[in-house]
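# Tertiary structure, described
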Amino acid sequence: MSKFINSPSRLFLLAIFIYVVLTPKALVDARRISNAVNKSIIKTIQVDNDEIIDCYDIFKQPSLDHPSLRNHTIQMRPSVFPKNTKLDNLGTLQLTQTWHKYGTCPHGTIPIRRNTRKHYDSTLFRKQLRPKPFHSKKPNTLQPNEDPEIHEYAVIKMRGSFIGAQAKINLWNPTVESSSEMSVSQIWVEAGPYEELNTIEAGWTVDQFYFNDTQTRFFIMWTGDGYKHGCVNLLCPGFVQTSSEIGLGCNFTEVSTFKGGQKDATFSIHKDQNSGNWWVQLQGISVGYYPSSIFKLLSKTADHVEFGGEITNARSNGRHTTTQMGSGHYPLDGGLGISSYFSHVQVMTENNEIIDDPVNVQLYTSNPNCYDLKVDEKRTNGYSFYYGGSGYNDKCQQ
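The model shown is predicted, which means the values in this text are computed figures rather than measured ones.

## Quick look at the state of the cysteines
- As enumerated under the stated definition, the model contains three disulfides in all.
- Here Cys-55 pairs with Cys-105 through a disulfide, and the sulfurs are 2.1 Å apart. Judged by the torsion about the S-S bond (-80°), the Cys-55/Cys-105 disulfide is left-handed. Taken together, the residues Cys-55 in strand 2 (residues 52-57) and Cys-105 in the loop between strand 2 and strand 3 (109-113) connect sequence positions 50 residues apart.
- Taking the relative accessible area as the measure of exposure, Cys-105 reaches 7% and is therefore buried.
- The disulfide that involves Cys-231 links it to Cys-236, with 2.2 Å between the sulfurs. A torsion of -95° about the S-S bond marks the disulfide between Cys-231 and Cys-236 as left-handed. Pair check on accessibility: Cys-231 and Cys-236 agree, each one buried.
- When the cysteines of the protein chain that form disulfides are numbered from the N-terminus onward, they connect as 1-2, 3-4, 5-6.
- Among the cysteines around Cys-250, which has no disulfide bond, Cys-105 carries the closest sulfur, lying 9.2 Å off.

Spelled out as structure tokens, the structure:
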């Protein structure tokens, strides 16, 4: 035994044996993944507040790890745009995100906001899957093991056969009471019943749970099976990003002020009928797309679209939350500069045409004493509506 130990070559072989046998496979796999990720990052941009942007090689982006995208050929830009698209409907926002002040991502790369959360676990995954309007469970139907958060909405909804939706959305920075709550203003493009719902969502959010702050941030989301799987931004494979200019999950540098300057931006989701891919655009910039192959029902057309606001109500203080929707003011409080709005609401038909004055629109407010919605009958900015509210008040208790 002492002769074996004293032999340098045998000591080396023993060390290799111990490493191979005792080193956990997960640790080895993690090192391989880490090395692959490092080789995919072309540039790193350090932003304030400990935010980091990694510029990934577009052809090595993590989203291509989705099982159905292993041999995927990236579509660099949409091949078809809906007919009658109005290029002057790009909103009032001079589009900038905070990270732009610290650098740019080179051509051929995409910006990915590094996930700096210390505890990325199944809880995070569950929190990003949200019940939908018209399907949300009422508080008294929740079971003991279910998420106690209540999702509340002020939205408009249209049914039909659509290949897209677009609107100018007013940008605000609403107050969110609890670190587990959120406030969202967005577009939904959906197909199917709730149990197997396919949905693509895009808009802005204030969400401390994901981002550890109260900034107003651009986000997207998807699910292909009724919110059993899917995710926000790039937290799981699926969305193929093509833009080097826009960072998912990154904050806007400009938002609206009460009775002051108003900022809005045009958000769009539309299907490229040549490729079948669902493109997400912000201010006319094609950010990227969801390949039709990751969906079952949205591989064809959407059968309903929605526009409006959503909040989560955790009732952490034994009452309704004070989390604001939109500007935090109700439509009846006043119009422009007071209440938040959607304007130039448009849907895109399967004939690839834009309808800018939709009909058969259904209005839905889950708790109108807390958050409400009112259509602007003047139509001065196309089909428009005001929405939002303050949450807890004399009339909004539960």
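## Here we look at the sheet that holds strand 2
- Read from one edge to the other, the open sheet built from three strands follows the order 1-2-3, with strand pairing classed as antiparallel. The strands lining the two open edges of the sheet, one partner per strand, are strand 1 (41-46) and strand 3. This sheet shows a mean twist of 25° between the axes of neighbouring strands, independent of strand direction.
- Sheet topology places strand 2 next to strand 3; five bridges connect them, and they run antiparallel. Across the sheet, residue Asp-57 finds its bridge partner in strand 3, namely Thr-109.

## Description of the pairing of strand 7 (residues 217-223)
- With seven of seven residues buried, strand 7 lies mostly within the body of the structure.
- Here strand 7 shows two buried faces, one formed by Arg-217, Phe-219, Met-221 and Thr-223 and the other by Phe-218, Ile-220 and Trp-222.
- Bridging between strand 6 (residues 198-207) and strand 7 involves seven bridges; their strand directions are antiparallel. Counterpart to Gly-203 in the pairing with strand 7 is Phe-219.
- Note that strand 7 and strand 8 (residues 231-232) share two bridges and pair antiparallel. Residue pairing across strands places Trp-222 opposite Cys-231, the latter belonging to strand 8.

## A look at the pattern of salt bridges
- What the rule picks out here adds up to nine salt bridges.
- Between Asp-54 and Arg-114 there is a salt bridge; the shortest N-O distance is 2.8 Å. Of this pair, Asp-54 sits in strand 2 while Arg-114 sits in the loop between strand 3 and helix 4 (122-127), placing them 60 residues apart in sequence.
- Looking at Arg-114, the relative accessible area reads 34%, which means it is partly exposed.
- The salt bridge involving Asp-357 is made with Arg-379; its shortest N-O contact spans 3.3 Å. On the criterion of sequence distance, the pair formed by Asp-357 in the loop between strand 15 (354-355) and strand 16 (362-365) and Arg-379 in the loop between strand 17 (372-376) and strand 18 (384-388) is long-range, its members being 22 residues apart.
- The partly exposed category is assigned to Arg-379, whose relative accessible area is 30%.

## Section: the nonpolar core
- Ranked by size, the top nonpolar core spans 55 residues in total, and within it Phe-218, Phe-267, Tyr-290, Phe-307 and Phe-385 carry the most contacts.
- The biggest single contributor to this core is strand 4 (residues 150-170), with seven residues.
- Residues Tyr-56, Ile-110, Val-240 and Tyr-289 belong to the second largest nonpolar core, which totals 11 residues.

## As for the packing of aromatic side chains
- Applying the stated criterion across every chain, the model contains 14 aromatic pairs.
- Considering the side-chain rings of Trp-279 and Tyr-289, the 4.9 Å spacing of their centres and the 50° angle between planes classify their relative orientation as tilted. In this pair, Trp-279 sits in strand 11 (residues 278-282) while Tyr-289 sits in strand 12 (residues 285-290), placing the two residues 10 residues apart along the sequence.
- What makes Trp-279 buried here is its relative accessible area of 0%.

## Structural notes on the pairing of strand 1
- With five bridges joining them, strand 1 and strand 2 adopt antiparallel strand pairing. Along strand 2, the bridge assignment pairs Gln-46 with Ile-52.
- If you look at the hairpin formed by strand 1 and strand 2, you'll find five residues sitting between the two strands, and Asn-49 has a positive phi there, around 55°.

The rules we used
Residues numbered from 1 in each chain as written. Predicted model: local features only at pLDDT ≥ 70, side-chain atom pairs only at ≥ 80, totals over all residues. Heavy atoms only, no water. Disulfide = S-S within 2.5 Å. Helix = DSSP H or I, 4+ residues; strand = E, 2+ residues; numbered from the N terminus. Buried < 20%, exposed > 50% of the residue type's maximum accessible area, 1.4 Å probe, protein only. Pairing = 2+ DSSP bridges. Axes fitted to C-alpha atoms, helices over the stretch in contact; angles between N-to-C directions. Salt bridge = Lys/Arg side-chain N within 4 Å of Asp/Glu carboxyl O. Core = buried A, V, L, I, M, F, W, Y, C linked by side-chain atoms within 4.5 Å. Phe/Tyr/Trp six-rings, centres within 6.5 Å; stacked < 30°, edge-to-face > 60°.

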